[in-house]
Amino acid sequence: MIDVIGGGFAGCEAAWIAARLGAQVRLWEMRPAKPTPAHKTGLLAELVCSNSFKSSNRHSPAGQLKWEMEQLGSLMIPTALKHQVPGGEALCVDREAFASEMTAAIASHPRIELIRKEWTGADTDHPVVVATGPLSSDAISRWIETRTGSGRLFFFDAVSPTVTAESVDFCLAWEQDRYDKGDGSYVNCPMNREEYDAFVSALVSAERSTPHLESETRYFEGCMPIEVIAQRGRDSLRFGNFKPVGLTNPHTGGRAYAVLQLRQENAQKSLYSMVACQTTLKWSEQKRVFRMVPGLQNAEFVRYGVMHRNTYLDSPRLLDARLRLRDSQTFFAGQITGVEGYVESGATGILAGLFACVSDEIPPPPRECALGSLIAHVTNTDSPDYAPMNINWGLFPDPGTLGDKSVRREAKLRAATEAFLKWRETLPLP
Ligand SMILES: Cc1cc2nc3c(=O)[nH]c(=O)nc-3n(C[C@H](O)[C@H](O)[C@H](O)COP(=O)(O)OP(=O)(O)OC[C@H]3O[C@@H](n4cnc5c(N)ncnc54)[C@H](O)[C@@H]3O)c2cc1C
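Computed from a prediction, not measured in an experiment: that's the story for all the values here.

**What to know about the sheet that holds strand S2 (residues 25–28)**
Neighbouring strands of a sheet are bound in pairs by backbone hydrogen bonds; such pairs are parallel or else antiparallel.
Thought 1: Sheet architecture is open: five strands sit in the order S6-S2-S1-S7-S16, paired in parallel fashion. Two strands in the sheet have a free side with no partner beyond their single neighbour: strand S6 (112–115) and strand S16 (330–332). Neighbour to neighbour, the strand axes of the sheet diverge by 20° on average, direction disregarded.
Thought 2: Pairing analysis gives three bridges linking strand S1 (residues 2–5) to strand S7 (residues 128–130), with the strands arranged parallel. Within S7, the residue paired with Asp-3 across the bridge is Val-128.
Thought 3: Those strands touched by helix H9 (residues 342–357) are S1, S7 and S16, and its axis lies near 160° from that of S16.

If you want it as structure tokens, here you go:
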């Protein structure tokens, strides 16, 4: 017996694989009796916003992830392909048809009992997979906090954009910690007076996103959007987050007028996040405005800044590589673990459902593959500010191949596929 809590992408995938492995599953979904602020129907696996499952190109991180999910018997990927609508390279779906078929598949499975009720927490003698998503109900959030300790469940996402290291121009930027105190985890992007003025003007006049939820418009003083800080005065950034003190530009030998700092996101230094640049700007505007900063003119964004309600765990300090709360039978899956997106959530649902059913002798997915890269993010203790993330090139390990970006990326995917297929052979799946 397994209880799966939450009938979103992660919960449906967890229930599906557990049932395929022969487990008796109870899937708890509180909608429609208890709605969330974003869902509009009582259907399982509802897409609350865009209808895209991102790229289906096999030569992309999202394409590789979907392929790995299919190899494990995913329910959502074949269902999405069946209800695909035109979307260029992206796998876009007819949301109503997709969610209706997902609901029917789960409801009619002989080993899955669909319980339409809020789960408020309980001690069980069998595994529980918690997949209650970014809008987890208050009752289960309280239960999770009692299990994990206070301060280990976050309710608000105020995240700065993240870029790949290989897209930063080090002819203009440089590595240095302020006053050289630290372990070299910062990269500095300098601005002269004209560049700073142009950046601030663009920032304050850029188009902002329409908040999805009412709560998004309430900011904590400690994490104001950068555009709101800039609005308070021309120099507010320069005397605040962008102060140039303690930094010497090795390209000029002098001090910059203002400095946007990037902070290392992972041990392999493949990703950097912009320090204190949480923002509500539209994604296209973030790209345009932050690319005005010298060193970031070709920046490749793997994650844009957001500020919205989002319930997620401090997973690196709580979960093991099988997505299990240490020393327990409680597994977590989906956005609540700190992955982001429909597909990434479904992918971790497959893993949590699998590990809730199989013995500990089955290893977690290898680091090289897309699933292993997601697990590496979820258990990444290098980043002090754990933030949710989509699958992206920077999460895959460097294969050590020489060559340009496209050659290295192809090598990443080859290594991912090889490692995944070997791991797949160890699984007791039909
Ligand atoms: C406003 C908004 C817009 C978004 N836009 C996008 C987007 O465009 N593209 C994208 O990829 N991602 C988007 N996301 C993120 C997206 O919601 C998640 O990536 C994805 O839905 C997470 O899947 P999940 O299974 O973890 O959670 P969900 O899909 O949210 O599923 C969780 C389920 O748990 C249920 N539940 C909660 N608490 C309980 C309880 N105590 N008992 C029983 N059931 C419970 C909920 O009703 C829900 O059905 C958005 C999120 C929000 C909030």
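**Here we look at the environment of Trp-143**
Thought 1: Counting through the fold element by element, Trp-143 comes out in helix H5 (residues 138–148).
Thought 2: With residues up to four places along the chain from it excluded, the contact list for Trp-143 reads Thr-120 and Gly-121.

**Things to note about the site of the ligand**
Thought 1: The immediate surroundings of the ligand are formed by 37 residues, with Gly-6, Gly-8, Cys-49, Gly-133 and Gly-334 found nearest.
Thought 2: Put simply, the parts of the chain that give the shell around the ligand at least two residues each are helix H1 (9–20), H5 and H9.
Thought 3: Ranked by the residues each element gives to the shell around the ligand, the list is headed by H1, at three residues.
Thought 4: Looking at side-chain class alone, the shell around the ligand contains 17 nonpolar, 16 polar and four charged residues.

**Concerning the domain arrangement of the protein chain**
Thought 1: According to the domain assignment, the protein chain consists of domain 1 (2–158 + 309–425) and domain 2 (162–304).
Thought 2: Once you take the C-alpha centre of each, domain 1 and domain 2 turn out to be 31 Å apart.
Thought 3: Across the boundary between the two partners, domain 1 contributes 16 residues, which contact 16 residues of domain 2.

**Some words on unusual backbone geometry**
Backbone phi values are negative for most residues with the exception of glycine, while trans is the configuration of most peptide bonds.
Thought 1: For the bond running from Arg-31 to Pro-32, omega is 0°, close enough to zero to count as cis.
Thought 2: You can see Pro-32 is positioned in the loop between S2 and strand S3 (52–55).
Thought 3: Unlike most non-glycine residues, Ala-276 shows phi in positive territory, near 55°.
Thought 4: Tracing the backbone shows Ala-276 in the loop between strand S13 (271–274) and helix H8 (283–290).

**Observations regarding the nonpolar core**
Nonpolar side chains tend to gather and get buried jointly when the protein is soluble and globular.
Thought 1: Membership of the largest hydrophobic core comes to 87 residues, with the highest contact counts inside it found for Cys-12, Ala-14, Ala-15, Ala-18, Val-129 and Ala-352.
Thought 2: The element best represented in this core is H9, accounting for ten residues.
Thought 3: Ignoring anything within four residues of it in the chain, the contact list for Cys-12 reads Gly-7, Leu-44, Ala-45, Leu-75, Met-76, Met-102, Ile-106 and Gly-349.
Thought 4: One finds Cys-189, Met-191, Leu-203 and Ala-230 within the second-largest nonpolar core, a separate group that totals 31 residues.

**Considering the sheet that holds strand S4 (residues 84–85)**
Thought 1: Strand order in the open sheet formed by three strands is S3-S5-S4, and the pairing between neighbours is antiparallel. Both edges of this open sheet fall to S3 and S4, since each of them pairs with a single strand only.
Thought 2: With two bridges joining them, S4 and strand S5 (residues 90–93) adopt antiparallel strand pairing. Bridging across to S5, Gln-84 finds its partner in Val-93.

**Focus: the pairing of strand S11 (residues 186–191)**
Thought 1: Among the six residues of S11, five are classified as buried, and the element is accordingly described as predominantly covered.
Thought 2: In terms of strand pairing, S11 meets strand S12 (residues 258–264) through six bridges, oriented antiparallel. Paired with Pro-190 across the bridge in S12 is Val-259.

Conventions adopted
- Residues numbered from 1 in each chain as written.
- Predicted model: local features only at pLDDT ≥ 70, side-chain atom pairs only at ≥ 80, totals over all residues.
- Pairing = 2+ DSSP bridges.
- Helix = DSSP H or I, 4+ residues; strand = E, 2+ residues; numbered from the N terminus.
- Axes fitted to C-alpha atoms, helices over the stretch in contact; angles between N-to-C directions.
- Contact = placed C-beta atoms within 7 Å.
- Near = placed C-beta within 6 Å.
- Nonpolar A, V, L, I, M, F, W, Y, C, P; charged D, E, K, R; others polar.
- Domains from an automatic or database assignment.
- Core = buried A, V, L, I, M, F, W, Y, C linked by C-beta atoms within 7 Å.
- Buried ≥ 20, exposed ≤ 12 C-beta atoms within 10 Å, placed from the backbone.

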